[in-house]
Amino acid sequence: ARLSDGNVYTIGIAAVDLAGNVSSYRNGNSVAVDLSAPSGTSITINNDAVFTNTATVSLGLAATDSSAPVSAKVSNKADLSYDGVNSDSGTWIDFASTKIWTLGAVDGAETVYAAYKDAGGNISATISDSIILDRAAPAAPLITPIVGYQSNNVFISGTAEANSTVNLSLAGGVTVTNIAVANGA
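Residues numbered from 1 in each chain as written. Predicted model: local features only at pLDDT ≥ 70, side-chain atom pairs only at ≥ 80, totals over all residues. Heavy atoms only, no water.

Caption draft 1: Summary view of the environment of K77. The topology assignment puts K77 in the loop between β6 (71-75) and β7 (93-94). Here the alpha-carbon distance between K77 and G104, two residues 27 residues apart in the chain, equals 9.9 Å. Excluding its chain neighbours within four sequence positions, the residues that come into contact with K77 are Y82, D83 and Y113. (Helix = DSSP H or I, 4+ residues; strand = E, 2+ residues; numbered from the N terminus. Contact = heavy atoms within 4.5 Å.)

Here you go:
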């Protein structure tokens, strides 16, 4: 008989000799049938942030399964192999909902991959999350010189890195902050 996924079966055992005599049955252990991989799987880097300025990040890991415990395999490589950066990458580790992780050494788009395995050995599909690693400070803004004397209205223009924020400090301790710069102008 085929056993159904999600059911628990108690195994009974008896011996039959060559003459056809049957011993009394003994109840054995209960066996849970689990043919389903963990579900509800997810991975997030720094709470789904778009950018980070440090290679050390916090991963959010999630998976649910009826046969606990669940273990996780995490790597900076899509094939979930050892990534050369994190000592436990590419190996099955005990599940935890958060994990400190190190991204690769190069600034730019970084992706972290994960899969989950339950006690029955069922493995989820590989999932991933990406973040942009940017450890370089933007170049100092260029300000177009102000010519002549202006009355109460002074117009300052210049350029800065696209999508950066410019902080302007004036004599007398006045600071203007959070001037969004779109497209570098």
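Picking up where we left off.
Caption draft 2: Representation of the pairing of β6 in the model. For β6, the tally of buried residues reaches 5 of 5 residues, placing the bulk of the element in the interior. Here β6 shows no split at all, with S71, K73 and S75 on one side and A72 and V74 on the other all buried. Here 5 bridges tie β6 to strand β9 (residues 108-117), and the two strands are oriented antiparallel to one another. The residue of β9 that forms the bridge with A72 is Y116. (Buried < 20%, exposed > 50% of the residue type's maximum accessible area, 1.4 Å probe, protein only. Pairing = 2+ DSSP bridges.)

Caption draft 3: Quick peek at unusual backbone geometry. A positive phi angle, near 45 degrees, is found at N46, a position not held by glycine. Relative to the helices and strands, N46 resides in the loop between β3 (39-45) and β4 (51-52). For N46, a relative accessible area of 24% gives the class partly exposed. The phi dihedral of D48 falls on the positive side, at around 70 degrees, and the residue is not glycine. With a relative accessible area of 49%, D48 lands in the partly exposed category.

Caption draft 4: Up close: the sheet that holds β7. The strand order β4-β10-β9-β6-β7 describes an open sheet built from 5 strands, whose pairing is mixed. Edge positions in the sheet fall to β4 and β7, since each of these pairs with one other strand and no more.

Caption draft 5: Region of the structure containing the pattern of salt bridges. Within this structure, the stated rule accounts for 2 salt bridges. A salt bridge links K99 to D88; the shortest N-O distance between them is 2.7 Å. With K99 in strand β8 (residues 98-102) and D88 in the loop between β6 and β7, this residue pair connects regions lying 11 residues apart in the sequence. When the shortest N-O distance is used, the salt bridge between D107 and R135 registers 2.8 Å. Of this pair, D107 sits in the loop between β8 and β9 while R135 is found in the loop between β10 (127-133) and β11 (142-143), placing the two residues 28 residues apart along the sequence. A residue is classified by how much of its surface remains accessible, and D107, at 35% relative accessible area, is partly exposed. Using a relative accessible area of 39% as the deciding quantity, one classes R135 as partly exposed. (Salt bridge = Lys/Arg side-chain N within 4 Å of Asp/Glu carboxyl O.)

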